[in-house]
Amino acid sequence: SQVSFEEESQNPPAVGHWKPLMPSKGDKEEPESGCQDAGGVHEPQSTEQLNVSRLRSSSVEIREKGSEFLRDELHKAQKELKLKDKECERLSKVREQLEQELEELTASLFEEAHKMVREANTKQAAAEKQLREARGKIDMLQAEVTALKTLVITSTPSSPNRELHPQLQSPSKAGFRKGHGRNKSTSSAMVSAASQNVAPEPVSRECREVDSMLFAEFQAWKESPTLDKSCSFLDRIYREDVGPCLDFTKQELSELVRVAVEQNTLTIEPVASQTVPVGKVAAEECGGPKKCALSGLPRTCKHRIMLGDSGNYYYISPSCRARITAVCNFFTYIRYIQQGLVRQDVELMYWEVMRLRREMSLAKLGFYPSEM
């Protein structure tokens with residue numbers, strides 16, 4: 001036993017080798033066999049302590065390397081995040097700039113479109129006004145030419161026209177014609193253009209005086225023209241003229257006619273100019289050529305009306321047509337004033353409105369021209 005102890009003491013354990021913390025069964029046999037010897041008790045304990053210290057140092061080193069690697073990865077992620085934040089900020093600025101440019105472009109386009117519409121409306125109104133004036137002048141000139149042709153053609157040497165030669169008329173007949181003659185032309189200058197020898201007929205001038213209350217109401221309406229019936233000017237005319245003039249026997253149809261006149265959707269057309277194909281009814285015709293749809297009385301109806309785009313026609317008598325036409329003329333004139341198409345003095349506009357009111361009053365009393 002002493003020899004074996006000496007041999008073991010001469011062979012110490014290798015210091016640099018790795019030994020696991022949980023040795024295998026084969027490894028346990030050597031310390032147990034060594035522990036039985038009295039001289040080798042402290043050698044396994046020192047080896048185990050050395051292994052534990054090495055393990056601790058290696059774990060600390062691994063922890064430090066891991067933390068360093070994580071710090072590097074964190075720095076990289078922070079740098080990438082900063083780059084992405086800068087890119088997002090740049091893209092946000094680009095988006096805001098594009099949105100601002102788009103808003104400015106949209107606003108400029110809308111402004112240009114409104115400007116073009118205003119210019120087009122102004123030009124259209126001016127063109128329509130010029131067209132109406134030109135048509136009025138053409139109608140006047142055509143009437144003058146027709147009257148002159150009639151006067152010239154009917155005057156021959158064998159049968160002279162006594163209108164062109166008043167000296168050929170007898171004194172009694174000349175005096176009679178002077179007092180009761182009526183010029184049917186649209187202009188009094190036609191006869192003077194045909195002959196300078198025709199003596200002018202005396203014209204009876206009617207006296208008129210401005211009603212202060214009516215004129216004040218018209219002036220107040222003229223400052224801000226509107227078609228609203230709530231203003232005092234139109235309220236009075238509705239009560240005194242428009243309402244009674246459009247008050248017919250057929251109340252329901254009368255209300256429809258009034259609404260159509262106010263909305264400017266009523267159409268009046270001659271009966272003879274409308275032909276319906278055989279076997280096809282174009283619209284419902286109320287009344288008839290011998291019965292008025294508004295009054296319900298047997299009358300000769302030369303015209304018929306259509307309310308809006310309904311396609312329903314109603315025969316009307318000349319008296320009813322005169323009443324509707326008078327109201328339509330009034331509304332047409334005040335619409336022209338509202339649209340700024342009438343360039344006259346306020347007093348002249350007032351008297352034109354009074355003339356249209358007089359036509360409505362006469363029409364509602366049953367007076368109308370014979371050509372209707």
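About the thresholds
- Residues numbered from 1 in each chain as written.
- Predicted model: local features only at pLDDT ≥ 70, side-chain atom pairs only at ≥ 80, totals over all residues.
- Heavy atoms only, no water.
- Helix = DSSP H or I, 4+ residues; strand = E, 2+ residues; numbered from the N terminus.
- Buried < 20%, exposed > 50% of the residue type's maximum accessible area, 1.4 Å probe, protein only.
- Areas by Shrake-Rupley, 256 points an atom, 1.4 Å probe, with all protein chains shown as cover.
- Axes fitted to C-alpha atoms, helices over the stretch in contact; angles between N-to-C directions.
- Parallel < 35°, antiparallel > 145°, perpendicular 65-115°, else oblique.
- Left-handed = near helix turned anticlockwise from the far one by under 90°.
- Contact = heavy atoms within 4.5 Å.
- Nonpolar A, V, L, I, M, F, W, Y, C, P; charged D, E, K, R; others polar.
- Pairing = 2+ DSSP bridges.
- Phe/Tyr/Trp six-rings, centres within 6.5 Å; stacked < 30°, edge-to-face > 60°.
- Lys NZ or Arg CZ within 6 Å of the ring centre and 35° of its normal.
- Expected span 1.5 Å × (residues − 1).
- Arc of directions from axis to C-beta.

**Focus: the overall build of the protein chain**
Of regular secondary structure, the protein chain possesses ten helices and four strands. Reading the helices (α) and strands (β) of the protein chain from amino to carboxyl end gives α-α-α-α-α-α-α-α-β-β-β-β-α-α. Expressed as a percentage of the 372 residues in the protein chain, the buried residues total 22%. Accessible area for the protein chain stands at about 27,500 Å²; split by element, carbon and sulfur atoms hold 55% of it.

**Considering the packing of helix H8 (residues 251-262) against helix H9 (residues 318-338)**
In the contact formed by H8 and H9, the axes pass within 10 Å of each other and the chain directions differ by 25°. Classified by the angle their axes make, H8 and H9 are roughly parallel. In the crossing of H8 with H9, the sense of the turn from one axis to the other is right-handed. Contacts between H8 and H9 pair Val-257, Val-261 and Glu-262 from the former with Ile-324, Val-327, Cys-328, Phe-331 and Arg-335 from the latter. Tallied by class, residues from the contact of H8 with H9 come to six nonpolar, no polar and two charged.

**Here's the deal with the pairing of strand S4 (residues 313-316)**
Burial along S4 is two-sided: Tyr-313 and Tyr-315 and Tyr-314 and Ile-316, pointing in opposite directions, are all buried. Bridge count between strand S3 (residues 303-307) and S4: four bridges; the pairing is antiparallel. Note that in S4 the partner of Arg-304 across the bridge is Tyr-315. The antiparallel hairpin formed by S3 and S4 contains five residues in its connecting segment, where Gly-308 sits at a positive phi of about 70°.

**Describing the environment of Gly-366**
Within the secondary structure, Gly-366 sits in the segment after helix H10 (346-364). Residue classification places Gly-366 among the partly exposed positions, given a relative accessible area of 37%. The spacing of Gly-366 and Ser-319 is 47 residues in sequence and 6.3 Å in space, taken between C-alpha atoms.

**Points about the packing of aromatic side chains**
Counted by the stated rule, this structure contains eight aromatic pairs. Measuring from centroid to centroid gives 5.6 Å for Phe-330 and Phe-331, while their planes differ by 70°, and the two rings are edge-to-face. Overall, the relative accessible area of 1% leaves Phe-330 in the buried class. On the basis of relative accessible area, Phe-331 is assigned to the buried category, the value being 4%. The structure contains a cluster of three or more aromatic residues connected by ring pairs, namely Phe-215, Phe-218, Trp-221, Phe-233, Tyr-350 and Trp-351. The ring of Trp-351 has Arg-208 sitting right over it, with the charged end atom 4.6 Å from the ring centre. Its end group placed over the ring of Tyr-313, Arg-304 keeps NZ or CZ at 4.0 Å from the ring centre.

**Examining the pairing of S3**
Of all five residues that make up S3, five are buried, and the element is covered over most of its length. Of the two faces of S3, both are covered, the one formed by His-303, Ile-305 and Leu-307 as well as the one formed by Arg-304 and Met-306. Note: strand S1 (residues 266-270) against S3, five bridges, orientation antiparallel. Directly across from Ile-268, in S3, lies its bridge partner Ile-305.

**Considering H8**
Taking 1.5 Å of rise per residue, the twelve residues of H8 would be expected to cover 16 Å, and the 17 Å separating its terminal C-alpha atoms lies within 8% of that figure. Of all the positions in H8, only Leu-253, Ser-254, Val-257, Arg-258, Ala-260 and Val-261 are classed as buried. On an axial view of H8, the arc spanned by its buried residues comes to 165°, and they lie on one face. Exposed residues lying more than 90 degrees from the buried face of H8 are Gln-251 and Glu-252. Lining the buried residues of H8 we find S1, S3, S4 and H9. Once H8 ends, the next one or two residues include Asn-264, with phi positive near 60°.

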